[in-house]
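Residues per chain are reported as follows:
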Amino acid sequence: MPKKVIPYKDSHLGKKEQVTQMFDTISTDYDGLNRVISFGIDVKWRKRVVSILKKEQPNTILDIATGTGDLAIAMVKTGAKNIIGLDISPGMLNVGKEKIQQKELSETIEMIVGDSENLSFENNSFDAVTVSFGVRNFENLEKGLSEILRVLKPKGTLVVLETSVPTKTPYKQGYHFYTKYILPTIGKIFSKDNSAYGYLSESAAAFPYGENFNNILRKIGFIDVTNKPQTFGVASIYVAKKAD
């Protein structure tokens, strides 16, 4: 059972409500800080997700925990005609909607408020589902993954991009130092929310990455589960399918 990590230790709200509050607060800072914190490497990771799905030629894609819409926007390059970006934070979605309007992609991408653990879509609705740095924010990981499986079409593809922890020296030691000391400090200096970037690093460390996450996907009912570590293991791309 993964350790439960929440943004605000002294709050009486549930994790879902706390995550919503946190992302609403940091929404206007998020894109810029994300580029700084990841040294821009997250852009390359998203391009790899796009290249994986482009081979599948999806027509409909659901991007869960879409945030400000970076992955949903990148997904246009797969050729999909209908992309829905779903997030629990209206603040993050508002930033994303502005970006989509500026890029004139409103006819392809729709941004909606929604709960990843209670999706308002029919069974077998999407050719592909993506989640970028979002599954570790699920309050109930298995429930969220079960909902994804439900809305995927038979033979549909799930691609998850999520942080992980390097296992090899010296990357392991460097990662722990960076996430424990550097990342929260940057967040405190540049963000409106002192707790947010401490939570993001703590939740990354607590997430059941690698084979542990693969096994959870299999338990839920996904097949053909694989994971591809990225950049010395600081992130992983997980690919899984729904059966026929």
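Look up: the structure comes first, before these words.
J.: I'd like a description of the nonpolar core, backed by residues and values.
T.: Formed by 29 residues in total, the largest nonpolar core has its most connected members in Leu 62, Ile 148 and Phe 222. When residues of this core are traced back to their parent elements, those giving at least two are strand S1 (60-64), strand S2 (82-87), strand S4 (126-132), helix H5 (141-151), strand S5 (152-163), helix H8 (211-220) and strand S7 (235-241). With five residues, H5 is the single largest residue contributor to this core. Sequence-distant contacts of Ile 148, that is, excluding residues within four places in its chain, are made with Ile 64, Leu 119, Val 129, Val 131, Phe 138, Leu 158 and Phe 222.

J.: Got a sec to walk through the environment of Ser 120? Specific residues and values, please.
T.: Along the polypeptide, Ser 120 turns up in the loop between strand S3 (109-113) and S4. C-alpha of Ser 120 to C-alpha of Lys 4: the two residues are 116 residues apart in sequence and 26 Å apart in space.

J.: Describe the side chain of Asn 137, with residues and values.
T.: Relative to the helices and strands, Asn 137 is located in the loop between S4 and H5. The class for Asn 137 is buried, based on a relative accessible area of 12%.

J.: Can you tell me about the sheet that holds strand S6 (residues 223-230), naming the residues and giving the values?
T.: The strand order across the open sheet formed by seven strands is S3-S2-S1-S4-S5-S7-S6, and the pairing between neighbours is mixed. Here the strands that pair on one side only, and so sit at the sheet edges, are S3 and S6. The mean inter-strand angle of the sheet, taken between neighbouring strand axes irrespective of direction, is 15°. Note: S5 against S7, seven bridges, orientation antiparallel. Bridge pairing links Leu 161 to Ile 237 in S7. Of the strands in this sheet, S1, S4 and S5 are in contact with H5, which crosses S5 at around 145°.

The rules behind each value
Position labels on residues start from 1 in each chain and follow its written sequence. pLDDT decides what is reported in this predicted model: residues at 70 or higher carry local features, side-chain atom pairs at 80 or more are listed and counted, and totals for whole chains, interfaces and linings draw on all residues regardless. For side-chain calculations, the full set of non-hydrogen atoms in the structure is used, while hydrogens and water are omitted. Among buried residues, those of type Ala, Val, Leu, Ile, Met, Phe, Trp, Tyr and Cys that are joined through side-chain atoms within 4.5 Å constitute a nonpolar core. Buried residues are those whose accessible area, probed at 1.4 Å on protein chains only, stays under 20% of the maximum for their type, while exposed residues exceed 50% and partly exposed ones sit between those limits. Secondary structure elements follow DSSP: runs of H or I of four or more residues count as helices, runs of E of two or more count as strands, with numbering from the N terminus. Whether two residues are in contact is decided by their heavy atoms, any of which lying within 4.5 Å being enough. Strand pairing follows a simple DSSP-based rule, namely that at least 2 bridges must link the two strands. For helices, the axis comes from a line fit to the C-alpha atoms of the stretch in contact; other axes are also lines fit to C-alpha atoms, and the angle between any two N-to-C directions lies between 0 and 180 degrees.

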